[in-house]
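Close look at the chain arrangement
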Amino acid sequence: MPVDGPPPAERSWWMQESLGADPGEPCPPLAGDIEADVVILGGGYTGMWTAHFLKERDPGIDVVLLEQDICGGGPSGRNGGFLDGWWGHIADMRTTYGDADTLELLMAAGRSPSEIGAWCERHEVDAWFTHRGDLAAASNAYQEGRWQGTLDEARTLGVQDEFEVLSPEQVRQRCASPLFGGGMFIRDAATVQPARLARGLRRVLLEQGVRIYEQTPVRRFGFGRPAVAETAGGAVRAGEAVIGLGASATWWKAFHPYLTVRGSYMVITAPAPEKLEEINWTGGEAVRNMRSSLHYLRTTPDGRIAFGCGGLQPGLARRIDERYAYEEGFVRKTAGDLLRMFPSFRDVPIEAGWGGPINVAGFNLPFFGTLPSGNVHYGLGYTGNGVGPSHLGGKILAALATHADDGFTRLAVVTREPKRFPPEPIRSPGVLIVNEAIRRKDDREDAGGRADPITRFVARIPRRLGYNLGPR
Ligand SMILES: Cc1cc2nc3c(=O)[nH]c(=O)nc-3n(C[C@H](O)[C@H](O)[C@H](O)COP(=O)(O)OP(=O)(O)OC[C@H]3O[C@@H](n4cnc5c(N)ncnc54)[C@H](O)[C@@H]3O)c2cc1C
């Protein structure tokens, strides 16, 4: 049920709040030609964690980071702030990588929530880090028990203690929506104010001596030795380059086979702590449901609900345009879904709405590697789950860019070739049709009915073709 949505704003509510608290010191655009040991393209979490871990490995390394907007201006400062590892991906991971690699990846990514919390404390970054777990609740009868596969796989790997099954009553004690039934709780998950984390990272990088140029889009990139990143105001020549461009990398020839783009949209309410108390949602848990086009929701310390809806695609996704930052229909739908889940918030104003692009990889996990030139490294395809994993991604990319042969460079997300998407002209219309079917199926089930057989068939096509995307 779409409702009146808030008007578009230049930046996400998170970023406005963060810049209001601390705009940070300016990082003017690049002016002139310079040299560096490593040039990083993209000032999101991936680029920034990479710069950070490079400096941790070798404080003397000269790192330049180029960002077309401001650091965190993209998805890294617009997301839901769910900070978790890959516990919820166990079933897909076992199918794709097998038991040993899955365990190794779970352990590596599982460190990120605690490590990011400790990092924030150490560097005095107040990113509202809240380590209270992640509740996956059934929000309609069709979703009941959908967590069973995850639990079975967890038991097989011996990591079942990470999970707790909750009865409808136990779910209500944590977050009482009239839509919720039972659920599954993952203990090791946190939330952050995503833009505060991004801007905090930026501040720490400047303290570490990383040279950051904002408002500096890279217009051409030369894959030589040195690699050359050309911008309007000058070029950077560097022995090593790291591509952390998120969804924008989809149109690079080397990455196009492995990425597609979807949108995700969020709204945030005004503070209403008394209403959160009425629905028992005072513990700070991240909450999601079991849709494929996921609803993800969390609270803020001042008593707001931030509510997002994934799997929304404005058009054929042949480029990223302004509809990914704001699309009125999708923002209104997201606001309507929030009120359906929490009718008592009907008279609480919705203060802001925004969106961002999601770079989707076929196995539903990111991939990392080095291009044949040997000095250009990449980390892409987080598929809507990058806040925690980009921290691991930064460690991997710092290892790749220093040519370390270690546990990070041998992880399966580095060594395994990602899944290819079909070529155009099949890809764009195909992905749009399938995404629409997935969302239609979810919406129909939310409305209390079952989707028609054709919709169900189309929604399951990705699984039939070996992608870890869409309903099982
Ligand atoms: C609405 C929304 C909600 C989300 N919610 C969650 C969540 O709750 N939990 C979670 O784990 N994940 C979530 N995600 C996904 C998460 O935000 C991303 O996986 C993560 O931010 C990826 O970080 P990144 O650094 O790889 O990419 P990005 O954040 O996309 O950073 C890439 C940067 O590259 C810059 N850039 C692009 N082109 C150029 C160029 N030519 N030159 C220079 N710079 C360029 C961009 O401006 C951008 O800042 C969400 C995403 C969205 C959009």
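Residues numbered from 1 in each chain as written. Predicted model: local features only at pLDDT ≥ 70, side-chain atom pairs only at ≥ 80, totals over all residues.

In this section: unusual backbone geometry. In this model, arginine 225 is joined to proline 226 through a cis peptide bond whose omega is 5°. Turning to its location among the elements, proline 226 is positioned in the loop between strand 9 (218-222) and strand 10 (227-231). Glutamate 424 connects to proline 425 through a cis peptide bond whose omega is 5°. With respect to the element layout, proline 425 can be found in the loop between helix 11 (412-415) and helix 12 (427-446). In this structure, glutamate 124 takes a positive phi of about 55° despite not being glycine. Relative to the elements of secondary structure, glutamate 124 occurs in the loop between helix 4 (112-122) and strand 4 (134-137). Here glutamate 124 falls in the exposed class, since 9 other C-beta atoms lie within 10 Å of it. (Helix = DSSP H or I, 4+ residues; strand = E, 2+ residues; numbered from the N terminus. Buried ≥ 20, exposed ≤ 12 C-beta atoms within 10 Å, placed from the backbone.)

On to the sheet that holds strand 5 (residues 163-166), then. Read from one edge to the other, the open sheet built from eight strands follows the order 5-6-4-13-14-15-12-16, with strand pairing classed as mixed. Each having just a single partner strand, strand 5 and strand 16 (350-361) make up the two edges of the open sheet. The sheet shows a mean angle of 20° between the axes of neighbouring strands, direction not considered. In terms of strand pairing, strand 14 (residues 295-299) meets strand 15 (residues 305-312) through five bridges, oriented antiparallel. Residue pairing for strand 15: arginine 298 is matched across the bridge by alanine 306. Together, strand 12 (259-269), strand 14, strand 15 and strand 16 form the strand contacts of helix 9 (residues 328-341), whose direction differs from that of strand 12 by roughly 55°. (Pairing = 2+ DSSP bridges. Axes fitted to C-alpha atoms, helices over the stretch in contact; angles between N-to-C directions. Contact = placed C-beta atoms within 7 Å.)

Right, let's talk about the site of the ligand for a bit. Close to the ligand lie 41 residues; Gly44, Gly80, Gly246, Gly356 and Gly386 are nearest. Elements that contribute at least two residues to the shell around the ligand include exactly helix 2 (45-57), strand 12 and strand 16. Of the residues contributing to the shell around the ligand, the split by class is 14 nonpolar, 24 polar and three charged. When we break the shell around the ligand down by domain, the ones giving at least three residues each are domain 1 (13-79 + 195-258 + 363-415) and domain 2 (130-189 + 259-360). (Near = placed C-beta within 6 Å. Nonpolar A, V, L, I, M, F, W, Y, C, P; charged D, E, K, R; others polar. Domains from an automatic or database assignment.)

This part is about the packing of helix 1 (residues 13-21) against helix 7 (residues 194-208). As a packed pair, helix 1 and helix 7 sit with axes 7 Å apart at the nearest point and diverge in direction by 50°. Classed by the angle they form, the pair helix 1 and helix 7 counts as oblique. The hand of the helix 1/helix 7 crossing is right-handed. Where helix 1 abuts helix 7, its residues Trp14, Met15, Glu17 and Ser18 lie against Pro194, Ala195, Arg196 and Arg199. Looking at the contact of helix 1 with helix 7, its residues break down into four nonpolar, one polar and three charged. (Parallel < 35°, antiparallel > 145°, perpendicular 65-115°, else oblique. Left-handed = near helix turned anticlockwise from the far one by under 90°.)

This part takes up the nonpolar core. Core analysis: the largest hydrophobic core is formed by 139 residues, its most contacted members being Val38, Val39, Leu41, Val63, Leu66, Ala241 and Val267. Take this core: its biggest share by element is seven residues, from helix 10 (residues 389-401). In this structure leucine 41 touches Gly47, Leu66, Val218, Ala229, Ala241, Val242, Ile243, Gly244 and Leu245, once residues within four positions along its chain are discounted. (Core = buried A, V, L, I, M, F, W, Y, C linked by C-beta atoms within 7 Å.)

Turning our eyes to something else, we now look at the domain arrangement of the chain. Each domain of the chain was delimited in the assignment, giving domain 1 (13-79 + 195-258 + 363-415), domain 2 (130-189 + 259-360) and domain 3 (427-464). On a C-alpha basis, the centroid separation for the pair domain 1 and domain 2 is 28 Å. Residue-level contacts link 18 residues of domain 1 with 15 residues of domain 2. For the side of domain 1 that touches domain 2, the class distribution of residues is eight nonpolar, nine polar and one charged.

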